[in-house]
Amino acid sequence: MLARVGKRVVSSDARGETVTVEACSTVRAAPCPACHRWSHRIHGSYVRRLEERPMLDQRVVLAVEVRRFKCANAGCPRRTFAENIHALAGRHQRRTRSQARALHALGHALGGEAAARLANALGLRTSADTVLRELRRAPERKRKPRPRVVGIDDWAIARGHQYGTIIVDLERREPIEVFAGREGTAVAAWMRAHPSIEIVARDRAGAYSEAVDIALPAATQVSDRWHLLCNLRDNVERLLCRLGSQLRQAAQQVEVRGVTLDRQRERSRNSLWSWQRLSDQRRASRVGAVRAGYGATRPGRHDERNRARALNRPSNRAQLHHRGGVPRARTQGAGSDAFRSLSQRYRGTNRAGLSLS
Ligand SMILES: [Zn+2]
């Protein structure tokens, strides 16, 4: 990389935990950034110190000589200019591009504070502010895709107090907009600015639905898969609880492969009891969670909605869009096998992670 930007390593010096690599410039001519005319007239030079990724548990600092040239064009507003080392480091940056990329990747995955902690553990000395600055500095994509299928949902900034809205491009599986609050006016304004949207997956609350109706009346609205599966599971569970005794009676009369279940009564009874026990436990934990969390939820909303909030669903739903519609906790947690297999089947059904309502 140093050779590509016209630098030659002349020495390296290890002091304490820092290795300093000195590189001189071999650039004899450079184009003026204003008039693009090449100049051979060297005006002077200075040294840029750039932090590079650590090596063998030692911090690496590049001390790179940068030459300044005089512009030979009398009509050019620039009198002097520095040679271009953008391939090695961005303008005014005190780290190489490779280290900036590492910080950017960490920040993108973990956010400011956590990324800074991990970066320091890996030997990249930085702060949360620097990580966030690197994230903002990253060049935006040249071609902004026009979203066609989007999912919209709320997420908890501080559960029970402050909520935001996230909009995800479901075809590309990436968030494209986040804003504070979940008012319909902001959503409608955003939707109006994106007329390419054809399908909107949303929860069953009224605010987002109305906003889409107002801004994009031609768009198709669908319920997102998470809510459909969640409702299905709750209803099946409720039905099985209500019909428990009748199911037990029916099971005793059914023949499977010529063997009546009467002979396997003990086994089936055990499995029914264990299922009943599991169901009771889940119901008790759910009721407990609702009672504990009810005070923190917002008043005046539909009961089902509040129940969902008390069950920490917003955080699950945040994973929904990245995982094709099935939240991690539901597929890998202690959920029933029936639900798991059902949700795995649904996961493969369509790419956009949607089920038409
Ligand atoms: Zn010039």
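Parameters and conventions
Residues numbered from 1 in each chain as written. Predicted model: local features only at pLDDT ≥ 70, side-chain atom pairs only at ≥ 80, totals over all residues. Helix = DSSP H or I, 4+ residues; strand = E, 2+ residues; numbered from the N terminus. Buried ≥ 20, exposed ≤ 12 C-beta atoms within 10 Å, placed from the backbone. Contact = placed C-beta atoms within 7 Å. Pairing = 2+ DSSP bridges. Axes fitted to C-alpha atoms, helices over the stretch in contact; angles between N-to-C directions. Arc of directions from axis to C-beta. Left-handed = near helix turned anticlockwise from the far one by under 90°. Nonpolar A, V, L, I, M, F, W, Y, C, P; charged D, E, K, R; others polar. Core = buried A, V, L, I, M, F, W, Y, C linked by C-beta atoms within 7 Å. Parallel < 35°, antiparallel > 145°, perpendicular 65-115°, else oblique.

Participant: Is there a simple way to explain the overall build of the protein in this structure?
Facilitator: A count of helical and extended segments in the protein gives 12 helices and 14 strands. Sorting the 357 residues of the protein into buried and exposed places 23% on the buried side. Across the protein, every contact between residues at least 6 apart in sequence was considered, and the portion connecting residues at least 24 apart equals 47%.

Participant: Would you mind showing me how to read the pairing of strand E9 (residues 162-169) here?
Facilitator: In this structure, strand E8 (residues 149-158) lies alongside E9, joined through 8 bridges in antiparallel fashion. If you follow Trp-155 over to E9, its bridge partner there is Gly-164. A loop of 3 residues connects E8 with E9, the two strands running antiparallel in sequence, and Gly-160 in this loop sits at a positive phi of about 85 degrees. Relative to strand E10 (residues 174-180), E9 runs antiparallel, the two being bridged by 6 bridges. Each bridged residue has a counterpart across the sheet, and for Ile-166 the counterpart in E10 is Val-178. Count of turn residues in the E9/E10 antiparallel hairpin: 4 residues, of which Arg-173 carries a positive phi of about 55 degrees.

Participant: What's the story with the sheet that holds E9 in this structure? I'm lost.
Facilitator: The pairing of strands in a sheet comes from backbone hydrogen bonds and takes either a parallel or an antiparallel form. Taken together, the 5 strands give an open sheet; going across it, the order is E10-E9-E8-E11-E12, and neighbouring strands pair in mixed fashion. Among the strands making up the open sheet, the edge pair consists of E10 and strand E12 (220-223). Neighbour-to-neighbour, the strand axes of the sheet open up by a mean angle of 25 degrees, direction not taken into account.

Participant: Please explain helix H2 (residues 112-121) as it appears in this structure.
Facilitator: An α-helical turn contains 3.6 residues, so any two residues separated by three or four positions project in the same direction. Burial in H2 covers these residues: Ala-115, Ala-116 and Ala-119. Around the axis of H2, the buried residues are gathered within 100 degrees of arc, so they sit on the same side. Pointing more than 90 degrees away from the buried face of H2 are the exposed residues Glu-113 and Ala-121. Tucked inside the fold, the buried residues of H2 contact helix H1 (97-110) and helix H3 (128-137). Just beyond H2, the residue with positive phi is Gly-123, at close to 95 degrees.

Participant: Mind showing me how you'd approach the pairing of strand E5 (residues 42-55) here?
Facilitator: As paired strands, E5 and strand E6 (residues 58-70) are joined by 11 bridges and run antiparallel to one another. Considered in E6, the bridge of Ser-45 is made with Arg-67.

Participant: Help me out: how do you make sense of the packing of helix H4 (residues 184-192) against helix H5 (residues 206-215) in this one?
Facilitator: Two quantities define a packed helix pair, namely the angle between the helix axes and the distance between the axes. Running from amino to carboxyl end, H4 crosses H5 at an angle of 40 degrees, the nearest separation of the two axes being 8 Å. The chirality of how H4 crosses H5 is right-handed. Every residue of H5 that contacts H4 at Gly-184, Val-187, Ala-188, Met-191 and Arg-192 is listed here: Ala-207, Tyr-208, Glu-210, Ala-211, Val-212, Ile-214 and Ala-215. Here the contact of H4 with H5 is composed, by residue class, of 9 nonpolar, 1 polar and 2 charged.

Participant: When you look at the nonpolar core in this model, what are you seeing that I'm missing?
Facilitator: A general feature of soluble globular proteins is that nonpolar side chains tend to end up buried together. The biggest cluster of nonpolar side chains holds 16 residues, and the ones touching the most others in it are Val-150, Ile-152, Met-191, Val-200, Ala-211 and Val-212. Ranked by residues supplied to this core, first place goes to H5 with 4 residues. Those residues in contact with Ala-211 that sit more than four places away from it in its chain are Gly-184, Val-187, Ala-188 and Met-191. Core analysis: the second largest hydrophobic core is formed by 10 residues, Leu-62, Ile-85, Leu-88 and Ala-89 among them.

Participant: Where do I start with the packing of H2 against H3 in this structure?
Facilitator: One way to put it is that H2 packs onto H3 with a least axis distance of 8 Å and a crossing angle of 110 degrees. Between H2 and H3, the interaxial angle falls into the category roughly perpendicular. Once H2 is placed against H3, the crossing between them reads as right-handed. The residues of H3 that touch H2, namely those facing Gly-112, Glu-113, Ala-115, Ala-116 and Ala-119, are Ala-128, Val-131 and Leu-132. In terms of residue class, the contact of H2 with H3 is built from 6 nonpolar, 1 polar and 1 charged.

Participant: Looking at this structure, I do not really get the environment of Phe-81. What am I missing?
Facilitator: By secondary structure assignment, the location of Phe-81 is in strand E7 (residues 80-82). Residue Phe-81 is classed as buried on the basis of its C-beta count, with 20 C-beta atoms lying within 10 Å. Residues within four places of Phe-81 in sequence aside, it is in contact with Cys-32, Pro-33, Arg-68, Phe-69 and Cys-71.

Participant: What should I look at first to understand the environment of Trp-38 in this one?
Facilitator: Note that Trp-38 resides in strand E4 (residues 38-39). Using a count of 11 C-beta atoms within 10 Å as the deciding quantity, one classes Trp-38 as exposed. Residues Trp-38 and Lys-70, spaced 32 residues apart in sequence, show a C-alpha to C-alpha distance of 9.8 Å. Once residues lying within four places of it in the same chain are set aside, the contact partners of Trp-38 are Ala-29, Ala-30 and Pro-31.

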